[in-house]
Amino acid sequence: MAQNINVDHFRNGSLIPEARTNEEWRKAGDNHLPAWCYYNNNPAHGEKYGKLYNWYAVMDSRGLCPTGWHVPTDAEWNTLIGYLDPSYNPNSNGSQSATAGGKMKSADTQYWLTPNGGATNESGFSGLPGGPRNYDGAFNFVGNYGYWWSSSESATADAWYRYLYHTNGFAGRDYYLKRFGFSVRFLRD
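Residues numbered from 1 in each chain as written. Predicted model: local features only at pLDDT ≥ 70, side-chain atom pairs only at ≥ 80, totals over all residues. Heavy atoms only, no water.

Asker: Got a minute to help me understand the sheet that holds strand E7 (residues 171-177) in this structure?
Answerer: Paired through backbone hydrogen bonds, the strands of a sheet run either parallel or antiparallel to each other. Within the open sheet, the four strands sit side by side as E4-E7-E6-E5. Their pairing is antiparallel. The two strands at the open ends of the sheet, each matched to only one other strand, are strand E4 (96-97) and strand E5 (145-153). Bridge count for E5 against strand E6 (residues 158-165) is six bridges, and the pairing is antiparallel. Within the sheet, the bridge partner assigned to Tyr147 lies in E6 and is Tyr163. (Pairing = 2+ DSSP bridges. Helix = DSSP H or I, 4+ residues; strand = E, 2+ residues; numbered from the N terminus.)

Asker: Looking at this structure, I do not really get the pairing of E5. What am I missing?
Answerer: Regular strands show a simple pattern: their side chains alternate between the two faces of the sheet. In terms of burial, E5 is largely enclosed, as seven of its nine residues are buried. Connecting E5 to the next strand, E6, in antiparallel fashion are four residues. (Buried < 20%, exposed > 50% of the residue type's maximum accessible area, 1.4 Å probe, protein only.)

Asker: What exactly am I supposed to notice about the pairing of E7 here?
Answerer: Bridge count for E4 against E7 is two bridges, and the pairing is antiparallel. What sits directly across from Gln96, in E7, is Gly172. As paired elements, E6 and E7 share seven bridges and run antiparallel to each other. Bridge pairing links Leu164 to Ala171 in E7. Between E6 and E7, which pair antiparallel in sequence order, lie five residues.

Asker: So what exactly am I meant to see when it comes to the side chain of Arg173 here?
Answerer: Following the sequence through the fold, Arg173 ends up in strand E7. In this structure the side chain of Arg173 is engaged in a polar contact, spanning 2.7 Å, whose partner is the side chain of Asp74. A distance of 3.1 Å separates a polar atom in the side chain of Arg173 from the backbone oxygen of Pro90. (Polar contact = N/O pair within 3.5 Å; in protein donor to acceptor, adjacent residues only side chain to side chain.)

Asker: What am I meant to see in the environment of Glu76 here?
Answerer: Among the structural elements, Glu76 can be located in helix H4 (residues 74-84). When its relative accessible area of 28% is taken as the criterion, Glu76 is described as partly exposed. Once the C-alpha coordinates of Glu76 and Asn31 are considered, the two residues, 45 residues apart in sequence, prove to be 28 Å apart. Contacts of Glu76, omitting those with residues within four sequence positions, involve His70, Val71 and Leu187. Looking at Glu76, its side chain comes within polar contact range of the side chain of His70, at 3.0 Å. (Contact = heavy atoms within 4.5 Å.)

Asker: In this structure, what is going on with unusual backbone geometry? I would like to understand it.
Answerer: Most of the time, phi is negative for any residue but glycine, and the peptide bond is trans. Here the residue pair Thr114 and Pro115 is connected by a cis peptide bond, since its omega of 0 degrees sits within 30 degrees of zero. Mapping Pro115 onto the fold places it in the loop between helix H5 (100-104) and E5. One non-glycine residue, His32, adopts positive backbone phi at about 60 degrees. By relative accessible area, which is 52% here, His32 ends up exposed.

Okay, here's the thing in structure tokens:
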């Protein structure tokens, strides 16, 4: 998909719980329960950047994605980055591509802080800097970073994600706590 998702129901019709307070967000993460929020709990951010989801929402058995779609695996993200930057090796160089991020970033300066380094969006991914929500409920980095979950665990408490940064054309790969809130994209099966 060429935009961050903004859904509040699972595929089976069940509501995905919204965590507005820091306490609700922490409780969902501590109990490994699905949750979503708008950045700063402001619905206007949802219109721009979509919702932020913890990894438990991403992987819930009720299905975050519509039929025929899935959340990309870490390997599928690697395939995309490698296609955009043939020199990319996810096992070296700090798991970063120096050029793929620019090809994935929206060139629209109303979203990314200046400078929007390397942004060409030649891939059509239209990446936006929706920022994250930390495990404790704090919001950070809207306009600076875009973060997207993969469906792949890296450890019991962690999962792989991708990120783009406003100052350069890098696309980064890392893992972090499943209790964080990141943006989500779907990939057609």
